[in-house]
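Chain residues, written in single-letter form:
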Amino acid sequence: MTNRFFKALATSAAITVGVASAASAAECIAPANPGGGWDFTCRQIGKIMYDIGAVDKPVQVTNMPGAGGGLAFNTVVNERNDDADLIIAASSATTTRLAQNAYAGRTADEVRFVGAIGADPGIIAVAADSPYNSLKDLVDAILADPGSVAFAGGSAVGGFDHLKPLMVLKEAGFTDITKIKYIGVDGGADAITQTVGGFTQAMTGDMSEVVSFLANGDIRVIAVLTDERVPGFEDIPTATEQGYSVVAVNWRGLYVPKGVSDDTFNSWADKLQMVADSAEWKEAMAANGLAPFTKVGGNFQGYVDGLVADINAMSKELGVIQ
């Protein structure tokens, strides 16, 4: 996709959603239509920044859908590279698409990732009557016979749901990830149906997708892919506890233009940390099914760089990209 195409989309988006009316007020770009995860990130984080006094004016939200976040990314790089008043919503989808070259050659180092302060935890689940009682049971079965286990997930082949169990298997020393069976279906509910029905032996997705099925006793979650156990689900062990050091969450965070000063970057990092520490954000996470996941500043940039490299390597192995 060419820069000319992105600029044409940007012009259309600006006409549709308008621009910030006051240059001195911070602006948050949500790279999608209202109502989605990126929109939530901008509106909730922006509102709380103002409510707790981290910014002195309300943060204005601009919805800029297009190219799965690529329009916003390209606009920031090409047209607003030194805008100190601009923040942009990001998530695991951002890093996956960058790793798979879905943004027309753009790379993660063309912006600066400020941080993430919440996440929908990645999970691996099996049917309630599954013989696999732990993540180790499942991994051992795959190591013994890679064709014996098939996963269902709500993303396409090469998408983030597909990559989650592959990250675990990499940690277990399994190298030929092309042998792992994966069926991409339309969302987490369909993935659970495949697994409960016995068409697949496990499903991979996010905690928010399985809560009701877990409560009904249809499935068992054998691992959460987080640093620590998820509040409210403390009986579910992490993959790391079971010997597989994998963190794979749909994090919610921000990036800023690369051309801003270190002082500006650090200022936004401080503001984001203030939100993470606030009671208001804890309430927002609880209301929206998010788990604590706080990585801010240089710590987060290193996490993003590592994630992009890992996803890029696995995507090449899978043949998703060249």
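Up top is the structure.
Keep in mind that this is a model prediction, so the values were computed, not measured. (Residues numbered from 1 in each chain as written. Predicted model: local features only at pLDDT ≥ 70, side-chain atom pairs only at ≥ 80, totals over all residues. Heavy atoms only, no water.)

### Quick notes on the packing of aromatic side chains
Link 1 in the chain: What the rule picks out here adds up to 8 aromatic pairs.
Link 2 in the chain: Judged by centre distance (5.6 Å) and plane angle (55°), the ring pair of F113 and Y255 falls under tilted. Taken together, the residues F113 in strand 4 (residues 111-127) and Y255 in strand 9 (residues 249-257) connect sequence positions 142 residues apart. Neither residue differs from the other here; F113 and Y255 are each classed as buried.
Link 3 in the chain: With 5.0 Å between their ring centres and 85° between their planes, W251 and F300 make a pair best called edge-to-face. Here F300 lies in helix 11 (residues 298-318) and W251 lies in strand 9, a separation of 49 residues in the sequence.
Link 4 in the chain: Overall, W251 belongs to the buried group, its relative accessible area being 0%.
Link 5 in the chain: Among the aromatic residues, ring-to-ring pairing joins F73, Y103, F113, W251, Y255, F293, F300 and Y303 into one connected group. (Phe/Tyr/Trp six-rings, centres within 6.5 Å; stacked < 30°, edge-to-face > 60°. Helix = DSSP H or I, 4+ residues; strand = E, 2+ residues; numbered from the N terminus. Buried < 20%, exposed > 50% of the residue type's maximum accessible area, 1.4 Å probe, protein only.)

### Digging into the pairing of strand 9
Link 1 in the chain: Among the 9 residues that make up strand 9, 9 are buried, leaving the element largely enclosed by the rest of the structure.
Link 2 in the chain: Judged from the 4 bridges that link them, strand 3 (residues 86-91) and strand 9 form a sheet pairing that is antiparallel. Counted as the bridge partner of S91 is R252 from strand 9.
Link 3 in the chain: Here strand 4 pairs with strand 9 via 9 bridges, running antiparallel. In the strand pairing of strand 9, A119 is matched with W251. (Pairing = 2+ DSSP bridges.)

### Here we look at the pattern of salt bridges
Link 1 in the chain: By the definition in use, this model includes 13 salt bridges.
Link 2 in the chain: Beyond isolated ion pairs, a larger network of salt bridges with shared partners links E27, R80 and D83. (Salt bridge = Lys/Arg side-chain N within 4 Å of Asp/Glu carboxyl O.)

### Observations concerning the state of the cysteines
Link 1 in the chain: In the structure shown here, the tally under the stated rule is 1 disulfide.
Link 2 in the chain: Paired through a disulfide, C28 and C42 show a sulfur-sulfur distance of 2.1 Å. Sign of the S-S torsion, about -75° for the bond between C28 and C42, identifies this disulfide as left-handed. A residue pair is termed long-range when its members are at least 10 positions apart, and C28 in strand 1 (residues 27-30) and C42 in helix 2 (residues 37-51) qualify at 14 residues. (Disulfide = S-S within 2.5 Å.)

### Observations concerning the side chain of T94
Link 1 in the chain: Topologically, T94 is positioned in helix 4 (residues 92-99).
Link 2 in the chain: With sequence-adjacent residues up to four places away left out, T94 is seen in contact with W38, Y103 and F113. (Contact = heavy atoms within 4.5 Å.)

### Some thoughts on the nonpolar core
Link 1 in the chain: One finds F113, L135, L138, F151, M167, W251 and W281 to be the most contacted residues of the largest nonpolar core, which totals 88 residues.
Link 2 in the chain: Broken down by element, the residue count for this core peaks at 8 residues, all from strand 4.
Link 3 in the chain: Counting 15 residues, the second largest nonpolar core, distinct from the first, contains I123, M203, M207 and V221. (Core = buried A, V, L, I, M, F, W, Y, C linked by side-chain atoms within 4.5 Å.)

### Topic: the environment of V114
Link 1 in the chain: Following the sequence through the fold, V114 ends up in strand 4.
Link 2 in the chain: Through-space distance from the C-alpha of V114 to that of G298 is 7.8 Å; in sequence the pair is 184 residues apart.
Link 3 in the chain: Once residues within four sequence positions are removed from consideration, V114 is found in contact with L254, Y255, V256, F265, W268, A269, L272, K295, V296, G297 and F300.

### A short note on the pairing of strand 5 (residues 150-153)
Link 1 in the chain: Burial of the side chains of strand 5 extends over both faces: A150 and A152 are buried on one face and F151 and G153 on the other.
Link 2 in the chain: Sheet topology places strand 5 next to strand 6 (residues 181-184); 4 bridges connect them, and they run parallel. Bridge pairing in strand 6 places G153 opposite G184.
Link 3 in the chain: Note that the unit made of strand 5, helix 6 (residues 160-171) and strand 6 has a crossover that is right-handed.
Link 4 in the chain: Inspection of the sheet shows strand 5 paired to strand 7 (residues 202-206) by 3 bridges, in the parallel sense. Directly across from G153, in strand 7, lies its bridge partner T204. (Right-handed = clockwise from strand over helix to strand, strands pointing away.)

### Observations concerning the side chain of K295
Link 1 in the chain: Tracing the backbone shows K295 in strand 10 (residues 295-296).
Link 2 in the chain: Classification of K295 as buried rests on a relative accessible area of 14%.
Link 3 in the chain: Those residues within four positions of K295 in sequence are excluded, and the remaining contacts are V114, G115, A116, D227, F300 and Y303.

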